[in-house]
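Residue-level structural notes
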Amino acid sequence: MTLPRAKRRPALRPADRLLVVLCIVALTTAIVDRLARTGPLTFRPPATVFSNGSPALRSVDPYLMFLAALRDVLPAGATVRLVAPGDPTHDSWMNFEIAIGQLPRQKVIRADAGERRGGEFIAAYQNPLEGLGRPVMRHPLGLLYWRPAP
Amino acid sequence: MTGLRFLLAIAGLHVAGWGLLTLLPAGLRAILPRFPATGLAGLLFVGGEMLAFSFLAISWTLPRLLALPTLVVCGGLLRRGGSREIPGPRSALLVIAAGIVALAAYGSWSARATSADFVLFWGAKGERFALARGIAVPFLKAPEHYLMHPDYPPLLPFLYAFGSLAAGRFPWGASLLVMPWFLAMTVSVFHGVAEKRLDHPRESALLTAVFAGVLGLTGLVTCAAGSADAGLIAFETAALAVLLSTGGGPSEWIAGAAFAGACLLKLEGLFVSAIVISGVILVCRPGWRRRLVSAARLSLFPAIGLGSWLLFCRANGLIDFYRGGQIGAFTLKNASRIPPAILHAAAYDYAFLPWIALALTGFAFRQRGWAFLPLWTAGAFLSVNVYFYLHGTADPTIWIWWSAGRTLITVLTCGSLAIGGHGRESNFSDRAADDRERRGMR
């Protein structure tokens with residue numbers, strides 16, 4: 001047994017249909033405008049997942065590139081200590097959180113985490129500080145040092 | 001190549017979901033359009049397996065994860081003769097909605113809409129889960145990883161981990177396409193219910209285009225790519241669409257499964273599920289016995305899904321967010337700051353365009369009326385959000401700017417469903433639904 005099919009109701013009135021079409025046009029225009037305003041309209045893959053984001057996210061772009069360079073150099077299981085620009089003892093929590101995801105095969109620790117016993121890498125983003133250890137990678141955005149265990 | 005393998009894994013979810021759906025009676029199988037039904041079912045299927053394996057301390061490998069879906073798909077192929085497809089009227093105007101989804105996909109792929117949370121924890125968790133071949137409990141428990149919310153619902157990290165296992169590593173760029181994948185499924189679900197309820201191909205296609213525009217714009221502006229918001233909206237839409245399409249009955253099991261997906265994707269899924277279920281029970285269903293039956297059908301799968309996850313968290317010392325208390329005590333001290341902050345977030349960069357477009361569309365469809373259940377859900381969910389913002393003594397403005405834009409997409413979705421989900425028959429309390437339930441969905 002099937003339900004009796006109800007009589008089809010009349011379509012939208014022309015004025016109402018026009019209203020709906022205008023809404024679609026406005027929304028589509030806004031989407032296209034949004035796309036045009038946030039980056040070049042090309043099919044070239046972005047450098048990082050933040051390349052065309054908001055200004056705040058775009059500012060993270062160089063850091064993601066630096067971490068990508070580290071990923072290629074660091075051995076799996078290595079310990080990496082992050083230091084922030086201008087300060088060898090601190091980092092930013094944001095940089096630390098981002099590095100956790102970008103260096104999944106390494107153990108990422110904060111600049112102020114525990115005692116510096118050596119046997120670890122030190123990633124100095126935009127921070128060409130001397131004396132952190134032996135430089136093992138020079139990158140336009142920062143340096144990677146190796147501090148051997150005593 | 002890594003990205004392609006990741007996307008193929010997602011396509012594989014549709015195959016697994018198809019197999020799972022063949023186990024259902026034909027009437028239940030055809031409630032939702034095939035594309036979203038198979039995708040969402042496949043995600044729940046594989047996600048459920050991953051959670052079960054974690055309970056049993058079985059490490060995730062692709063062959064293990066694919067063994068059961070393969071069996072189910074083979075069984076489905078043998079039963080294929082019994083499947084039933086319901087051909088529905090189609091309109092060429094659907095190409096507009098498809099074009100809007102394509103624009104949103106371009107925006108996601110080109111890193112214009114990447115969520116900060118994607119890099120901070122959603123993607124990182126998925127990647128670590130894949131490397132650990134299971135839920136990386138020591139990683140989640142580490143005090144320095146506290147901001148990753150150890151007990152936050154796991155389904156999106158599961159999806160990323162599954163894709164990573166197939167791809168060999170986590171493809172950060174390709175995984176941004178998960179957002180338009182969810183968006184396409186949501187729009188397809190919406191079109192399915194609008195077509196059924198409005199019973200007019202051109203009108204439902206136009207309404208679907210408006211809905212796609214609203215979701216596409218808000219998704220881009222709120223930077224939803226990579227986060228769980230798009231998935232949450234997909235499962236919420238599916239659950240409401242099932243209830244609106246059929247008016248209840250055994251299909252409530254399907255809606256319950258969709259609620260389970262919502263609860264396992266984001267915390268907000270729990271509130272939306274509770275609100276919809278309470279709406280069905282308190283308002284829409286006549287008779288206490290039927291209300292209790294509805295409550296059981298709608299609640300069972302979310303209770304099993306979320307309950308299992310919380311049990312796992314409890315057993316492994318991961319409970320944090322669900323303990324509550326992080327947002328401070330209730331106070332009206334900041335009440336005056338909430339409306340302007342919400343309005344700021346809701347403007348979506350284009351002078352409230354999504355809201356205006358939805359209101360005008362609702363006005364255009366006024367002769368057909370609006371479905372009650374989505375309106376109830378929208379109102380109650382907004383109230384729940386305001387209630388949470390009324391906690392803590394600190395100025396909530398930044399918190400609201402950060403979160404309200406995304407949570408209000410649920411309200412916009414419900415508003416769209418209120419327009420598209422009302423049509424030939426009234427919902428739930430009508431005789432047609434009662435008859436249908438008695439006959440077991442025909």
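Before any of the text, the structure's been laid out above.
Residues numbered from 1 in each chain as written. Chains lettered and ligands numbered in written order. Predicted model: local features only at pLDDT ≥ 70, side-chain atom pairs only at ≥ 80, totals over all residues. Heavy atoms only, no water.

1. Things to note about the overall build of chain B
- When its secondary structure is counted, chain B shows 19 helices and 0 strands.
- In terms of overall size, chain B behaves like a compact globule, its C-alpha atoms giving a radius of gyration of 21 Å where 442 residues would be expected to give roughly 22 Å.
- Counting only C-alpha atoms and orienting by the principal axes, one finds that chain B spans roughly 60 × 55 × 45 Å.
- The proportion of buried residues among the 442 residues of chain B is 64%.
- Charge centroids of chain B, computed over 36 positive and 21 negative side chains, lie 5 Å from each other. (Helix = DSSP H or I, 4+ residues; strand = E, 2+ residues; numbered from the N terminus. Rg over C-alpha atoms; globule rule 2.2 N^0.38 Å. Buried < 20%, exposed > 50% of the residue type's maximum accessible area, 1.4 Å probe, protein only. Lys, Arg positive; Asp, Glu negative; His and termini not counted. Charge placed at Lys NZ, Arg CZ, Asp CG, Glu CD.)

2. Structural notes on the interface of chain B and chain A
- In this assembly, 60 residues from chain B lie in contact with 57 residues from chain A.
- Counting each side, the surface lost to burial between chain B and chain A is near 5300 Å², with a carbon and sulfur contribution of 64%.
- The interface formed by chain B and chain A includes 2 salt bridges.
- Applying the counting rule to chain B against chain A returns 19 residue pairs in polar contact (both at pLDDT 80 or more).
- Only α5 (94-109), α6 (116-132), α10 (201-221) and α16 (353-364) of chain B provide two or more residues apiece to the side of chain B that touches chain A.
- Of the residues forming the side of chain B that touches chain A, the biggest block, 12 residues, is contributed by α10(B).
- Of the residues contributing to the side of chain B that touches chain A, the split by class is 33 nonpolar, 12 polar and 15 charged. (Contact = heavy atoms within 4.5 Å. Buried area = accessible area lost by both parts, 1.4 Å probe. Salt bridge = Lys/Arg side-chain N within 4 Å of Asp/Glu carboxyl O. Polar contact = N/O pair within 3.5 Å; in protein donor to acceptor, adjacent residues only side chain to side chain. Nonpolar A, V, L, I, M, F, W, Y, C, P; charged D, E, K, R; others polar.)

3. Observations regarding the environment of B:A104
Residue and element names in this part refer to chain B.
- Summarising the element assignment, A104 is placed in helix α5.
- According to the relative accessible area criterion, A104 is buried, its value standing at 1%.
- On a C-alpha basis, the gap between A104 and P36 in space is 17 Å, while along the polypeptide they are 68 residues apart.
- When near neighbours in sequence (up to four residues on either side) are disregarded, A104 contacts L183, G216 and L220.

4. Digging into a nonpolar patch on the surface
- A surface patch of nonpolar side chains, amounting to about 400 Å² of accessible area, comprises A:W93, A:M94, B:Y146 and B:L147.
- For B:L147, a relative accessible area of 41% puts it in the partly exposed group. (Patch = residues over 30% accessible without salt bridge, like charges linked within 9 Å, V, L, I, M, F, W, Y side chains within 5 Å. Areas by Shrake-Rupley, 256 points an atom, 1.4 Å probe, with all protein chains shown as cover.)

5. Looking at the pattern of salt bridges
Residues and elements named next belong to chain B.
- A complete count under the given rule lists 12 salt bridges over all chains for this structure.
- Put simply, E203 and R368 hold a salt bridge, and the shortest N to O gap is 2.8 Å. Pair noted here: E203 is in helix α10 and R368 is in the loop between α16 and α17 (372-389), with a separation of 165 residues, a long-range link.
- For E203, a relative accessible area of 1% translates into the label buried.
- Linking R406 and D229 is a salt bridge whose minimum nitrogen-to-oxygen distance equals 3.8 Å. In this pair, R406 is assigned in helix α18 (residues 397-420) and D229 in helix α11 (residues 229-246), connecting sequence segments 177 residues apart. For the pair shown, R406 and D229 are each scored as buried.
- One network of salt bridges, in which partners are shared, links D117, D229, K266, E268 and R406.

6. A look at helix α12 (residues 252-265) of chain B
Residues and elements named next belong to chain B.
- With 14 residues, α12 should reach 20 Å at 1.5 Å per residue; the first-to-last C-alpha distance of 20 Å fits that figure.
- Here α12 lies mainly inside the structure; 12 of its 14 residues are buried.
- Listed as buried for α12 are E252, I254, A255, G256, A258, F259, A260, G261, A262, C263, L264 and L265. (Expected span 1.5 Å × (residues − 1).)

7. Digging into the side chain of A:S51
- With respect to the helices and strands, A:S51 occurs in the loop between α1 (14-37) and α2 (55-58).
- A relative accessible area of 12% means that A:S51 is categorised as buried.
- Separated by 3.3 Å, the side chain of A:S51 and the backbone nitrogen of A:A47 make a polar contact.
- Engagement of the side chain of A:S51 in a polar contact is seen with the side chain of A:D61, the distance being 3.3 Å.
- Beyond its immediate sequence surroundings of up to four residues, A:S51 is in contact with A:P46, A:R58, A:D61 and B:A111.

8. Quick word on the pairing of strand β1 (residues 79-83) of chain A
All names here are of chain A.
- Among the 5 residues of β1, 4 are classified as buried, and the element is accordingly described as predominantly covered.
- Judged from the 3 bridges that link them, β1 and strand β2 (residues 107-109) form a sheet pairing that is parallel. Counterpart to V80 in the pairing with β2 is V108.
- Of the strand pairs in this sheet, β1 and strand β3 (residues 120-125) are connected by 4 bridges, and their pairing is parallel. Bridging from a neighbouring strand, R81 pairs with I122 of β3. (Pairing = 2+ DSSP bridges.)

9. A few points about unusual backbone geometry
Residue and element names in this part refer to chain B.
- Positive phi outside glycine occurs at Y348, with the angle close to 50°.
- Even without a glycine there, the phi angle at F352 is positive, about 65°.
- For F352, the location among the structural elements is in the loop between α15 (338-346) and α16.
- A relative accessible area of 30% places F352 in the partly exposed class.

10. A word on the packing of α15(B) against α18(B)
All names here are of chain B.
- Contact geometry for α15 and α18: axes closest at 8 Å, N-to-C directions at 50°. Compared by their axis directions, α15 and α18 come out oblique. As α15 packs across α18, the resulting crossing turns out to be right-handed. Across the interface between the two elements, I338, A341, I342, H344, A345 and A346 of α15 pack against T397, I400, W401, A404, G405 and L408 of α18.
- When the residues that make up the contact of α15 with α18 are grouped by side-chain class, the tally is 9 nonpolar, 3 polar and no charged. (Axes fitted to C-alpha atoms, helices over the stretch in contact; angles between N-to-C directions. Parallel < 35°, antiparallel > 145°, perpendicular 65-115°, else oblique. Left-handed = near helix turned anticlockwise from the far one by under 90°.)

11. As for the sheet that holds strand β4 (residues 134-139) of chain A
Residue and element names in this part refer to chain A.
- Taken together, 5 strands build an open sheet; the order of strands is β2-β1-β3-β5-β4 and the sheet is mixed. The sheet is open, and its two edges are formed by β2 and β4, each paired on a single side. The mean inter-strand angle of the sheet, taken between neighbouring strand axes irrespective of direction, is 25°.
- With respect to the sheet, helix α3 (residues 61-73) is in contact with β1, β3, β4 and β5 (142-147), its orientation differing from that of β4 by roughly 130°.
- Running at roughly 180° to β2, helix α4 (residues 93-102) makes contact with β1, β2 and β3 of the sheet.

12. Focus: helix α4 (residues 62-78) of chain B
All names here are of chain B.
- For α4, with 17 residues, the first-to-last C-alpha span of 24 Å sits near the 24 Å given by 1.5 Å per residue.
- Roughly 30° is the biggest bend found in α4, and it falls at L68, with proline P69 one to four residues downstream.
- Among all positions in α4, only L65, P69, V72, V73, G75 and G76 are buried.
- On its buried face, α4 sits against α1 (2-21), α3 (34-55) and α8 (155-167). (Bend = angle between axes of the 7 residues up to and from the residue.)

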